[in-house]
Each structure stands twice: as C-alpha cells, then as structure tokens.
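# Architecture at a glance
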Amino acid sequence: MLEHTLKLHKLTDDSDKVPNLQGESYGTFKLLAKDWKKLELMHNVLQEPANSQQSFSVTWKPTVWCMIPVLEFLQQTWQNMAKSSKFADFLTIINSGINNLCK
C-alpha cells in the first residue's frame, strides 16, 4: 500500500494532468520528503502488529502456545525500535504498544 501511495504522491504533485481541487492545486497538499520518510517509518512500526495478527489468522486451530512466541517477538521488535534513534518520533506510541502487550 505504501508503494501505491508513493506513486500517487509523484503523480499528484508533479503532473499537470491531475485536476485541481476546487480552485486549488494538489501541490497545496504536497508532503515534503521528510514527511514521506516519517510515513514510511510509521508504516514500519504498524507493520509489526499486522504481521503478528496475520500469523494468528493463518492458523486453522489457534492455541495459546503458538500465540505467546509471536507476541514475545512483537514485543522484542518494538523494544528494539524504541532503542533506535530512527524511531524517536514514535517512541511514545511504541512504548504504549509495549505496555499493552505487557498487560
């Protein structure tokens, strides 16, 4: 989905073929490169619980012993992200997710 968003970004920001929005151009809503980078990092953070959830849904007979290692891996991944300066803007969100896992 992120790939499609990036393609749309290029199309809408750089093309004269895209119609204006009620007298305004799409360029008014243009995101800077740093904004797109932040969205990509946010996607990385949110991809982890999505992957965990997907691993639950492929199991035809879910059991607790399968869930615990997946949740532990998610917790460890988020803890690693929390330690990385790359994800500093999302530290509060990541820590909230870790706290929810620890309940």
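Nothing here was measured: the structure is a model prediction, and the numbers come from that model.

The rules behind each value
Residues numbered from 1 in each chain as written. Predicted model: local features only at pLDDT ≥ 70, side-chain atom pairs only at ≥ 80, totals over all residues. Heavy atoms only, no water. Helix = DSSP H or I, 4+ residues; strand = E, 2+ residues; numbered from the N terminus. Buried < 20%, exposed > 50% of the residue type's maximum accessible area, 1.4 Å probe, protein only. Areas by Shrake-Rupley, 256 points an atom, 1.4 Å probe, with all protein chains shown as cover. Axes fitted to C-alpha atoms, helices over the stretch in contact; angles between N-to-C directions. Parallel < 35°, antiparallel > 145°, perpendicular 65-115°, else oblique. Left-handed = near helix turned anticlockwise from the far one by under 90°. Contact = heavy atoms within 4.5 Å. Nonpolar A, V, L, I, M, F, W, Y, C, P; charged D, E, K, R; others polar. Arc of directions from axis to C-beta. pLDDT = per-residue confidence, 0-100. Expected span 1.5 Å × (residues − 1). Core = buried A, V, L, I, M, F, W, Y, C linked by side-chain atoms within 4.5 Å.

Now for the overall build of the protein chain. On a plain count of helices and strands, the protein chain comes out with four helices and zero strands. Along the protein chain, from the amino end to the carboxyl end, the secondary structure elements read α-α-α-α. Expressed as a percentage of its 103 residues, the buried residues of the protein chain come to 19%. Carbon and sulfur atoms form 59% of the exposed surface of the protein chain, whose accessible area is close to 8100 Å².

Moving on: the packing of helix H3 (residues 64-83) against helix H4 (residues 91-101). Between H3 and H4, the shortest axis-to-axis distance is 9 Å and the interhelical angle comes to 155°. Considered as vectors, H3 and H4 are oriented roughly antiparallel to each other. Crossing geometry of H3 relative to H4 is assigned as left-handed. Touching Leu71, Leu74, Gln75, Trp78, Gln79, Met81 and Ala82 of H3 are Leu91, Ile94, Asn95, Gly97, Ile98 and Leu101, all from H4. Residues that form the contact of H3 with H4 fall into these classes: nine nonpolar, four polar and no charged.

On to H4. Buried within H4 are the following residues: Ile94, Gly97 and Ile98. An end-on view of H4 places all buried positions within 100° of arc, on one side of the element. Exposed residues pointing more than 90 degrees away from the buried face of H4 are listed as Thr92 and Ile93. On its buried face, H4 is in contact with helix H2 (33-57) and H3.

We now examine the confidence of the model for the protein chain. On average, the protein chain scores 82 in pLDDT, and the residues at 70 or more come to 74%. Taken element by element, the protein chain is modelled with least confidence in helix H1 (residues 2-14), mean pLDDT 68, and with most confidence in H4, mean pLDDT 94.

Contact pair H2 / H3: the axes reach a minimum separation of 10 Å and the direction vectors enclose 175°. As judged from the angle between their axes, H2 and H3 are roughly antiparallel. When H2 is examined against H3, the residues Asn44, Val45, Glu48, Pro49, Ser52, Ser55 and Phe56 are found in contact with a partner set consisting of Met67, Val70, Leu71, Phe73, Leu74, Thr77, Trp78 and Met81.

Helix length check: H3 (20 residues) gives 29 Å between terminal C-alpha atoms against 28 Å at 1.5 Å per residue, within 8%. Next to the buried residues of H3 lie H2 and H4.

In terms of nonpolar packing, the biggest core is built from nine residues, these being Leu41, Val45, Leu74, Trp78, Met81, Phe87, Phe90, Ile94 and Ile98. Examining the composition of this core, we find that three residues originate from one element, H3, more than from any other. Excluding anything up to four places from it in sequence, Ile98 contacts Gln75, Trp78 and Gln79.

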